Protein chains: 2
Amino acid sequence: MYRTHNCGELRISDCDKNVTLSGWVQASRDFGGMTFIDLRDRYGITQLVFNMEDDQSLCEQARKLGREFVIKIGGKVRERSNKNPNRPTGDIEITVQSMDLLNASLVPPFTIEDESDGGDELRMKYRYIDLRRTPVQANIIFRSKLALETRRYLGQAGFIEVETPCLIKSTPEGARDFVVPSRMNPGQFYALPQSPQTFKQILMIAGLDKYFQIVKCFRDEDLRADRQPEFTQIDCEMAFVTREDVLNTFEGLIKDLYLNTKNIELADFPRITYDDAMRLYGSDKPDTRFEMKFVDLTQTVQGKGFVVFDNAELVVGICAKNQAMAYSNKQINELTDWVKRPQIGAKGLVYIKYNKDGSVKSSIGKFYSNDELNTWKELFDAQPGDMILIMAGDTDSTRSQLNELRLEMGARMGLRDWNKVAPLWVVDFPLLDWDEDSKRWHAMHHPFTSPKVEDIEKMQSGDFETIKSLRADAYDMVINGVEIGGGSIRIHDRALQAKNFDLLGFTKEEAEEQFGFLLGAFEYGAPPHGGIAFGFDRLCAVLNGQSSIRDFIAFPKNNQGRDMMIDAPASIDEKQLDELNLIIKRTSES
Amino acid sequence: MYRTHNCGELRISDCDKNVTLSGWVQASRDFGGMTFIDLRDRYGITQLVFNMEDDQSLCEQARKLGREFVIKIGGKVRERSNKNPNRPTGDIEITVQSMDLLNASLVPPFTIEDESDGGDELRMKYRYIDLRRTPVQANIIFRSKLALETRRYLGQAGFIEVETPCLIKSTPEGARDFVVPSRMNPGQFYALPQSPQTFKQILMIAGLDKYFQIVKCFRDEDLRADRQPEFTQIDCEMAFVTREDVLNTFEGLIKDLYLNTKNIELADFPRITYDDAMRLYGSDKPDTRFEMKFVDLTQTVQGKGFVVFDNAELVVGICAKNQAMAYSNKQINELTDWVKRPQIGAKGLVYIKYNKDGSVKSSIGKFYSNDELNTWKELFDAQPGDMILIMAGDTDSTRSQLNELRLEMGARMGLRDWNKVAPLWVVDFPLLDWDEDSKRWHAMHHPFTSPKVEDIEKMQSGDFETIKSLRADAYDMVINGVEIGGGSIRIHDRALQAKNFDLLGFTKEEAEEQFGFLLGAFEYGAPPHGGIAFGFDRLCAVLNGQSSIRDFIAFPKNNQGRDMMIDAPASIDEKQLDELNLIIKRTSES
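Residues numbered from 1 in each chain as written. Chains lettered and ligands numbered in written order. Predicted model: local features only at pLDDT ≥ 70, side-chain atom pairs only at ≥ 80, totals over all residues. Heavy atoms only, no water.

A.B. asks: I tried to follow the packing of aromatic side chains on my own but got confused; where do I start?
C.D. replies: Remark: the centre distance and the inter-plane angle together describe each pair of aromatic rings, the angle taken between the planes. Summed over all chains, the structure comprises 48 aromatic pairs over all chains. Ring centres of Phe306(A) and Phe309(A) lie 4.6 Å apart, and the angle between their planes is 65°; on these two criteria the pair is classed as edge-to-face. The two residues Phe306(A) and Phe309(A) agree in class, both being buried. An aromatic cluster is present here, built from Phe306(A), Phe309(A), Phe367(A), Tyr368(A) and Trp376(A) joined pairwise through their rings. Above the plane of the ring of Phe290(A) lies Arg406(A), whose end atom (NZ or CZ) is 4.0 Å from the centre. Just above the ring of Tyr126(B) sits the side chain of Lys125(B); from NZ or CZ to the centre is 5.7 Å. (Phe/Tyr/Trp six-rings, centres within 6.5 Å; stacked < 30°, edge-to-face > 60°. Buried < 20%, exposed > 50% of the residue type's maximum accessible area, 1.4 Å probe, protein only. Lys NZ or Arg CZ within 6 Å of the ring centre and 35° of its normal.)

Here you go:
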């Protein structure tokens, strides 16, 4: 037996017990006659005492132990004279009577403290050491708890967890698939699922009524920061539901998770249409921890001779509370440079400072009188001391640029506080999105999303603007400006699905080849259904007020899609390639 | 809103309530003035009544509904005059006042009854219809419950569920990997995990202490009946444990699952060594629902001039209780033919019938007197009316053949009753297994399995028989003759792991290339650890007394590894192959 207790559970009430503990040497302190060792495991740290007077040989062995050595000790629990109130076990220590060295350790390549001195790549290569650090381990344990709570909630709500297959069929629609060559079917490939979308719809047609799955999904995309080729979804679907049913059920889930993992009680989530989100925040995932809503100035400002505004499709501003004094000319210039960076791409930035002394200072004083500028104040509900920032240009880019500026100002002003939780639903997304490059419509959500009932008729229209105006019965859940989930009511009618494929540029043959099984299933009594999927990695991060999903993945891949620890991907044997009937192309680069 | 209640919950106490239900038309009965419809969903069936007198037009619509049409109805709950005691809703019916047709259905390709008329391939192609059948749906729901209970038990026992990666590295050891070409790393491949073995060991080295995961695993093997290319494991690992700790923890899990899903209380599981299992049952997964243990006759029978026995390495028999009368000469011949089939490959079968009248009848009466044969009786504890069946030859084949015969006799005698649950642990497996074809040792469990402590010294021996006799600290859990789980205490010492790789014929370079990260991790304070993995699909089947795992998988693949519903695997676009830098080899066959 390696232990009677773990390193986090002994208390003053355990005094005089003989115990056996096992764990890692976190630290060691030598005071001549006495040696103290902090013994660590997942559960905590317990102080061990070795005494030269009691057992010289044991004490000398203890002095030789290095950091991360693994030992098993037997001893007696004693009250500490010098208590440590920061540690649950801090009232006691163990007088060690026997010790076994279970394993030695080389000196770790970085320190195993809350703040490590190891760089990212080093910590990923030695992930088994990084995972010993308390905050990293806490993240992994939190993830496990979050999954358990999710399953409890959904199980109690009557959802059945169903495992859908990992080896499925590649479809050109959407992102790029990872594929898996089939040895038994030469020249053919499986694909790894980007999501179990069609399978969960099939389960609704099969009468499972309420499905969920916490499931790995795969996308072979060029990796941006904080994207992983494999990621995890909470994937859900319900039959015989309207949008209201789905929203209520999953708002309930997220409220429950906040309550049970963070002890935070959330009020009902506000809802906002996609159109309003774009109009008021310039984003379909607005950070509503702070106001600073967009104010449309187009009507107000045009026709006064300022060509930048006169020629703009949209002139729009935000009010930064109490920032008039905070921004010198130099700082305004710096902010203007910031919005002009290629990542944002604004052409410029107009400011108006409403100073506390009643004076007005602006970069457009030449074109607008102070009286005029003072009337704009009311549109923003601005007070003396506030600063208004204005951008102009075509609607889409200007909104997007002002969204970046709003988020930046919010951050600078300390308004994006992770102690605050601001959830909301964004609803009524457009059904289709015109792609200028490929000159075709793309599904804004995915091709199985139902248009809103009142828009179904309009799908027959040949008019571009009408098609563009079609709204989908789709919704996203956003928390603190992060999209954590999204879903829709699905199409359950074969003809409507065929029409949607048609709008998306599928030929009948393509639709049949790729999704024939689903179209077929619609003919055998498909019920109305809808669902949602949450990004589980991201949900873990958001609940903890952190921005990197990588910190919540036990074995993440780096930005080149490599596992640094096991060194994958790697080349495989010629024999394996032969069996798979494949040849690697020798490109000029290779 | 589609429903106020589901189709399984209304009771007599709900009478006079106005309700809305949605579901599928299971059956329809027309009695002139009245039409009855059974409306079905996941939760049950509720009877609807349409009355010509009340609403002629509605009644006429109802008459036109076909099987599997999807409808929504509004109506009032009424007590039935003609109650159906076989149905929880059988005391009530709904007088329908309004109806919406939600979707029509073609005539299903097979009947949606407990016993369907659909063949296997047809049912797999139309899996969404097959899954509407109550027993199939019950299996999928059971699986969900079993996973939930497993997580509850392990969560309460302090286990953390950690997701290990799906995109890992291919290793030639073990079964064949599925591989995934990496677009970003041309010519390189990920592999899908056959199990998270090395990752869970890494998690122990990382200090996670207790890990589990219900996880998809993949093996590209030629599919035998009831093998799936993707399957699910309950994968577990614990640090600072001996074999006792692991066995107790997971015996607890299985007892808990039987109690909470089947209301069966299991006694403590017997343990048997591998050697004893082979000696007494000729199998490392004995079906212990019945005795019929092997009796070694080699010493007893040799030297009496019967060359078949005299030349045999092993002569061994079983006693079939009360079967003397049941087997005529013709039936004995049939049984002899059965063991001589190539699948079993025995050379022959010797019988001795101890008749109730005291006479003895045997196929070897020429060589042994009745007195002699009567003395054998005691070895088997045979009674008048019993029949002894004996086989002879080399030890391994004879044991294997007699194992098949024992199972067959058990089945014929009704002793393999699935209402009985006979679990046991098989322990002390051999560490290594000599493969005559490749002339090398293979790991009986896997290369990370620890030898038993007392056998570690012997690993240095150059002697074949000594190496063969090495025992591993490995164990299997067997229920009713089915191996449902297996595991071992692992090696946690770099030198010992290196020695094991050496015995397995790895060069130092091969060991380093494939498992260098693990060998490296052993140098940074690896704790003693061990674990187990259960086949989750099989566990579902065994708990339900069924033999086919396919019935517990929502979307199984057929014996050619094909998903019949979505028709995968399939060919992919040339563009995809190009991006992956791959060419499909044109073989002479293709």
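A.B. asks: How should the sheet that holds strand β12 (residues 295-296) of chain B be read in this particular structure?
C.D. replies: Backbone-to-backbone hydrogen bonds join strands into a sheet, with any given pair of strands oriented parallel or antiparallel. Residues and elements named next belong to chain B. Pairing is antiparallel across the open sheet formed by 5 strands, whose spatial order is β12-β13-β16-β14-β15. In this open sheet, the two edge strands, each paired with only one partner strand, are β12 and β15 (360-362). Pairing of strand β14 (residues 350-354) with β15 involves 3 bridges; the strand directions are antiparallel. Considered in β15, the bridge of Lys353 is made with Lys361. Relative to strand β16 (residues 387-393), helix α12 (residues 395-412) is tilted by about 155°, and along the sheet it contacts β13 (314-320) and β16. (Pairing = 2+ DSSP bridges. Helix = DSSP H or I, 4+ residues; strand = E, 2+ residues; numbered from the N terminus. Contact = heavy atoms within 4.5 Å. Axes fitted to C-alpha atoms, helices over the stretch in contact; angles between N-to-C directions.)

A.B. asks: What exactly am I supposed to notice about the packing of helix α4 (residues 134-156) of chain A against helix α16 (residues 536-543) of chain A here?
C.D. replies: Residues and elements named next belong to chain A. Remark: α4 packs on α16, axes separated minimally by 10 Å, with the N-to-C direction vectors making an angle of 110°. One finds that α4 runs roughly perpendicular with respect to α16. Our pair here, α4 against α16, has a crossing hand that is right-handed. Along the contact surface, α4 presents Phe142, Arg143, Leu146 and Ala147, while α16 presents Phe536, Asp537, Leu539, Cys540 and Leu543. Residues belonging to the contact of α4 with α16 are distributed by class as follows: 7 nonpolar, no polar and 2 charged. (Parallel < 35°, antiparallel > 145°, perpendicular 65-115°, else oblique. Left-handed = near helix turned anticlockwise from the far one by under 90°. Nonpolar A, V, L, I, M, F, W, Y, C, P; charged D, E, K, R; others polar.)

A.B. asks: I keep staring at helix α5 (residues 197-205) of chain B and nothing clicks. Help me out?
C.D. replies: Counting along an α-helix, one turn takes 3.6 residues, and residues three or four places apart therefore face a common direction. Residues and elements named next belong to chain B. For α5, a buried count of 9 out of 9 residues is recorded, marking the element as mostly surrounded by other parts of the structure. All of the buried residues along α5 are Gln197, Thr198, Phe199, Lys200, Gln201, Ile202, Leu203, Met204 and Ile205. Note on α5: the residue one or two positions beyond its end, Gly207, has a positive phi of about 85°.

A.B. asks: I'm lost on unusual backbone geometry in this one. Help?
C.D. replies: Excluding glycine, residues mostly have negative phi values, and the peptide bonds linking residues are mostly trans. Look at the link from Ala568(A) to Pro569(A): it is a cis peptide, with omega at 0°. Looking at the element boundaries, Pro569(A) is found in the loop between α16 and α17 (574-579). Of note in this structure, Glu68(B) is not a glycine but carries a positive phi near 70°. With respect to the helices, strands and loops of the structure, Glu68(B) is situated in the loop between α1 (56-63) and β4 (70-79). Residue classification places Glu68(B) among the buried residues on the basis of a relative accessible area of 1%. With a phi angle near 55°, Asn263(B) is a residue other than glycine that sits in the positive phi range. With respect to the helices and strands, Asn263(B) occurs in the loop between α6 (243-262) and β11 (271-273).

A.B. asks: Help me out: how do you make sense of the confidence of the model for chain A in this one?
C.D. replies: A low pLDDT means the predicted coordinates there should not be read in detail. Chain-level pLDDT for chain A is 95 on average; 99% of the residues reach the 70-or-more range. With a pTM of 0.95, the predicted complex shows an ipTM of 0.95. (pLDDT = per-residue confidence, 0-100.)

A.B. asks: Any chance you could explain the pattern of salt bridges here in plain terms?
C.D. replies: For side chains of opposite charge, pairing can occur when their charged atoms come near one another. Scanning all chains against the criterion turns up 104 salt bridges over all chains. In this structure, the salt-bridge partner of Arg176(B) is Glu579(A), at a minimum N-O distance of 2.8 Å. Taken together, the residues Arg176(B) in the loop between β6 (160-161) and β7 (179-181) and Glu579(A) in helix α17 connect one chain to another. Residue Glu579(A) is classed as partly exposed on the basis of its relative accessible area, which comes to 28%. When salt bridges with common partners are traced through the structure, they connect Arg243(A), Asp428(A), Lys452(A), Glu454(A), Asp455(A), Lys458(A) and Arg471(A) into a single cluster. (Salt bridge = Lys/Arg side-chain N within 4 Å of Asp/Glu carboxyl O.)

A.B. asks: Please clarify how the pairing of strand β10 (residues 230-239) of chain B should be interpreted in this entry.
C.D. replies: As a general feature of sheets, a regular strand has side chains that alternate between the two faces. All names here are of chain B. Extensive coverage of β10 is indicated by the burial of 10 of its 10 residues. Residues Glu230, Thr232, Ile234, Cys236 and Met238 point to one face of β10 and Phe231, Gln233, Asp235, Glu237 and Ala239 to the other, with burial holding for every one of them. Bridging between strand β9 (residues 210-218) and β10 involves 9 bridges; their strand directions are antiparallel. In the sheet register, Cys217 faces β10, and the bridge partner there is Phe231.

A.B. asks: Explain the domain arrangement of chain A to me, please; I cannot follow it from the model alone.
C.D. replies: By a widespread convention, an interface's size corresponds to the accessible area lost as its parts come together. Domain annotation for chain A reports domain 1 (12-103) and domain 2 (290-412). In this structure, domain 1 of chain A and domain 2 of chain A have C-alpha centres spaced 63 Å apart. (Domains from an automatic or database assignment.)

A.B. asks: Any chance you could explain the packing of helix α5 (residues 197-205) of chain A against helix α15 (residues 508-521) of chain A here in plain terms?
C.D. replies: When two helices pack together, their arrangement is given by the angle between the helix axes and the distance between those axes. Residues and elements named next belong to chain A. Running from N to C, α5 and α15 point in directions that differ by 20°, and their axes come no closer than 10 Å. Taken as axis vectors, α5 and α15 run roughly parallel relative to one another. In this structure, α5 meets α15 at a crossing whose hand is left-handed. For the pair formed by α5 and α15, the contact residues are Thr198, Gln201, Ile202 and Ile205 on the first element and Phe515, Phe517, Leu518 and Ala521 on the second. For the contact of α5 with α15, the residue count by class is 6 nonpolar, 2 polar and no charged.

A.B. asks: In this structure, what is going on with the interface of chain A and chain B? I would like to understand it.
C.D. replies: The partner chain B presents 122 residues to the 122 residues of chain A that form the contact. Taken as a group, Glu163(A), Phe240(A) and Tyr524(A) account for 8% of the area that chain A buries against chain B, more than any other trio of residues on that side. Joining chain A to chain B, the criterion identifies 14 salt bridges. Across the pair Asp220(B) and Arg183(A) runs a salt bridge, and its minimum N-O distance is 3.0 Å. Inspection of the chain A/chain B interface yields 63 residue pairs in polar contact (both at pLDDT 80 or more). Here the side of chain A that touches chain B takes 8 residues from α4(A), the largest share from any one element. Taken together, the residues of the side of chain A that touches chain B break down into 67 nonpolar, 27 polar and 28 charged. The pairing of strand β23 (residues 582-584) of chain A with strand β23 (residues 582-584) of chain B spans 3 bridges and is classified as antiparallel. When the bridges of β23(B) are listed, Ile584(A) appears paired with Leu582(B). (Buried area = accessible area lost by both parts, 1.4 Å probe. Polar contact = N/O pair within 3.5 Å; in protein donor to acceptor, adjacent residues only side chain to side chain.)

A.B. asks: In this structure, what is going on with the relation of the copies chain A and chain B? I would like to understand it.
C.D. replies: One copy of the chain maps onto the second through a rotation around an axis plus a translation along that axis. With an RMSD of 0.1 Å, the operation that places chain A on chain B is a rotation of 180° combined with a shift of 0.0 Å along the axis. The two molecules are tied by a two-fold rotation axis, judged by turn and shift. The fraction of interface residues of chain A whose copies in chain B are also interface residues reaches 100%, indicating that both copies meet through the same surface. (Least-squares fit on C-alpha atoms with pLDDT ≥ 70 in both.)

A.B. asks: Sorry if this is basic, but what is going on with a negative patch on the surface here?
C.D. replies: On the surface, Glu509(A), Glu510(A), Glu513(A), Asp573(B) and Glu574(B) cluster together to form a negatively charged patch. Sort the elements by how many residues they give to the negative patch and α15(A) lands first, with 3 residues. Taking relative accessible area as the criterion, Asp573(B) reaches 41% and is therefore assigned partly exposed. (Patch = residues over 30% accessible without salt bridge, like charges linked within 9 Å, V, L, I, M, F, W, Y side chains within 5 Å. Areas by Shrake-Rupley, 256 points an atom, 1.4 Å probe, with all protein chains shown as cover. Lys, Arg positive; Asp, Glu negative; His and termini not counted. Charge placed at Lys NZ, Arg CZ, Asp CG, Glu CD.)

A.B. asks: Is there a simple way to explain the side chain of Ser362(B) in this structure?
C.D. replies: Residues and elements named next belong to chain B. Among the secondary structure elements, Ser362 is positioned in strand β15. Within the structure, the side chain of Ser362 is placed 3.2 Å from the backbone oxygen of Tyr351, a separation counted as a polar contact. Within the local environment of Ser362, its side chain forms a polar contact with the backbone nitrogen of Ile364, the two atoms lying 2.8 Å apart. Not counting residues within four places of it along the chain, the set of residues in contact with Ser362 comprises Tyr351, Ile352 and Leu373.

A.B. asks: Is there a simple way to explain the environment of Gln302(A) in this structure?
C.D. replies: Residue and element names in this part refer to chain A. Following the sequence through the fold, Gln302 ends up in the loop between α8 (298-301) and α9 (307-310). Between the alpha carbons of Gln302 and Met391 there is a distance of 13 Å; along the sequence they are 89 residues apart. The residues touching Gln302, leaving out its near neighbours within four places in the chain, are Phe309, Asp310 and Ala312. Polar contacts involving the side chain of Gln302 include one to the main-chain carbonyl oxygen of Phe309, which spans 2.9 Å. A polar contact is formed between the side chain of Gln302 and the backbone oxygen of Ala312, at a distance of 2.9 Å.

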